[in-house]
Amino acid sequence: MKVLIIIPAYNEAGNIEQVVDNLMEKCPQYDYIVVNDASSDDTREICMRRGYRFLDQPINLGIGGTVQNGYQYALENGYDAAVQIDGDGQHDVCYIEKMVQVIEADEADVVIGSRFIEKEGFQSSGARRLGISLLSKIIMFLTWKRVKDVTSGFRAVNKRFISIYAKDYPQDYPEPEAIVAAVMHRGRVKEVPVIMQERLSGESSINFRKSVYYMVKVILALFICRLSFGIRR
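A short tour of the structure in this document, coming up. Everything numeric here is computed off the predicted structure, so don't read it as measured data. Residue positions are given per chain, counting from 1 as you read along its sequence in written order. Owing to the predicted nature of the model, reporting of local features is limited to residues with pLDDT of at least 70; listing and counting of side-chain atom pairs is limited to 80 or more, with chain, interface and lining totals taken over all residues. To get the side-chain values, take all heavy atoms of the structure and skip hydrogens and water.

1. Here we look at the pattern of salt bridges
- We count a salt bridge whenever a side-chain nitrogen from Lys or Arg sits within 4 Å of a carboxyl oxygen from Asp or Glu. A full pass over the atoms with the stated rule returns 9 salt bridges.
- A salt bridge links aspartate 106 to arginine 188, with the nearest nitrogen and oxygen atoms 2.6 Å apart. Here aspartate 106 is found in the loop between α4 (96–104) and β5 (110–114), whereas its partner arginine 188 is found in the loop between α7 (175–184) and β7 (189–193), with 82 residues between them in sequence.
- Arginine 115 serves as the salt-bridge partner of aspartate 149, at 2.8 Å between the closest nitrogen and oxygen. Of this pair, aspartate 149 sits in the loop between α5 (126–143) and β6 (155–158) while arginine 115 is found in the loop between β5 and α5, placing the two residues 34 residues apart along the sequence. Only DSSP runs of H or I covering at least 4 residues are called helices, and only runs of E covering at least 2 are called strands; the numbering of each starts at the N terminus.

Here is the structure:
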């Protein structure tokens, strides 16, 4: 299969070299693209200096718009599968091949790397795990699909969902909403166990205040997403 690794990056100057170099060393069989979301640090300069393949967004679009640009690139260049990994080094690229194999075997349309199946490695804070559990229950209520790690940004999709996500991908904090959209598009969603690490350097952009906003916004977005598919059908 022709596979593209999408790496969204916003102010990841402290991480991007290790992430891309590690990917090239351990997964040389796959193509990759860094999507720089108008970073205000040296992310762009590092990509240029190191000769990385990257897209440079002139304005900040947020994680949703950045990932969607990656999917658009995958669609335009005829990739059979695409894998999202974060630019902060949390995702172990050694699991990419296992996720791609699930796509290649046609066992799923969307594969989510989940830290909560075997519960090894970095598990996030207690407060965030509580929020993730709540979102998981809401998604189960809306779609009858059980997904444990609904906020995981470590995902692989097949050619059909490259096309779907290239045309319409949730914005702001998109991971839970993208699961609902996948199920509503009659996609087969499967979780596989992975081990994640803490980010290599820097801090998460989601603090306590933003976490409250995140939960309210995402819960509303999940219900609106589900209702919108109900109206269309």
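2. What about the sheet that holds β7?
- Within the open sheet, the 7 strands sit side by side as β3-β2-β1-β4-β6-β5-β7. Their pairing is mixed. The open sheet terminates on both sides in strands that have one partner only, identified here as β3 (54–56) and β7. Recorded for the sheet is a direction-independent mean angle of 20 degrees between the axes of neighbouring strands.
- Two strands pair under a simple rule: DSSP has to find at least two bridges between them. Taken together, the 4 bridges between strand β1 (residues 3–9) and strand β4 (residues 81–84) define a ladder with parallel strand orientation. The residue of β4 that forms the bridge with valine 3 is alanine 81.
- Against the sheet, helix α1 (residues 16–26) contacts β1 and β2 (31–36), and its axis sits at roughly 170 degrees relative to β1.
- The contact rule is simple, with two residues in contact once any of their heavy atoms fall within 4.5 Å. Fitting a line to C-alpha atoms yields each axis, with helices limited to the stretch in contact; the angle taken between N-to-C directions then spans 0 to 180 degrees. Most of the contacts of α7 go to β6, to which it runs at about 25 degrees, and overall it touches β5, β6 and β7.

3. As for the nonpolar core
- The nonpolar core is taken to be a set of buried Ala, Val, Leu, Ile, Met, Phe, Trp, Tyr and Cys residues, with the residues joined through side-chain atoms within 4.5 Å. Between buried and exposed lies partly exposed: a residue is buried under 20% and exposed over 50% of the maximum accessible area for its type, with that area taken using a 1.4 Å probe on protein chains only. The biggest cluster of nonpolar side chains holds 41 residues, and the ones touching the most others in it are Tyr71, Val110, Val157, Tyr165 and Leu222.
- Going through the elements one at a time, β1, β2, α3 (62–76), β5, α5, α6 (159–167), α7 and α8 (208–232) are the ones with two or more residues in this core.
- Counting residues per element, this core draws most heavily on α7, at 7 residues.
- Every residue in contact with valine 110, bar those within four places of it in the chain, is listed here: Ile103, Ala156, Val157, Phe161, Tyr165, Ala182, Arg188, Val189 and Lys190.

4. Observations regarding the side chain of serine 136
- One can find serine 136 in helix α5.
- We classify serine 136 as buried; its relative accessible area is 4%.
- Under the rule applied, a polar contact is a pair of N or O atoms within 3.5 Å (in protein, one hydrogen donor and one hydrogen acceptor; residues adjacent in sequence only if both atoms are side-chain atoms). Within polar-contact distance, the side chain of serine 136 engages the backbone oxygen of valine 147 at 2.6 Å.
- Those residues within four positions of serine 136 in sequence are excluded, and the remaining contacts are Arg146, Val147, Lys148 and Val150.

5. A short note on α1
- Buried within α1 we find Ile16, Val19, Val20 and Leu23. When α1 is viewed along its axis, its buried side chains cluster within an angular range of 90 degrees and face the same direction. Opposite the buried face of α1, by more than 90 degrees, sit the exposed residues Gln18 and Glu25.
- The inward-facing, buried residues of α1 abut β1, β2, α2 (43–50) and α4. Note: the arc covers the axis-to-C-beta directions of the helix.

6. Some points on the packing of α1 against α2
- As a packed pair, α1 and α2 sit with axes 10 Å apart at the nearest point and diverge in direction by 40 degrees. The handedness of the crossing between α1 and α2 is right-handed. Within the contact between the two elements, α1 uses Ile16, Glu17 and Asp21 and α2 uses Ile46, Cys47, Arg49 and Arg50.
- For the contact of α1 with α2, the per-class residue count stands at 3 nonpolar, no polar and 4 charged. Here a crossing is called left-handed whenever its near helix is offset anticlockwise from the far helix by less than a right angle, and right-handed whenever the offset is clockwise. Charged residues are taken to be Asp, Glu, Lys and Arg, nonpolar residues to be Ala, Val, Leu, Ile, Met, Phe, Trp, Tyr, Cys and Pro, and polar residues to be all remaining types, Gly included.

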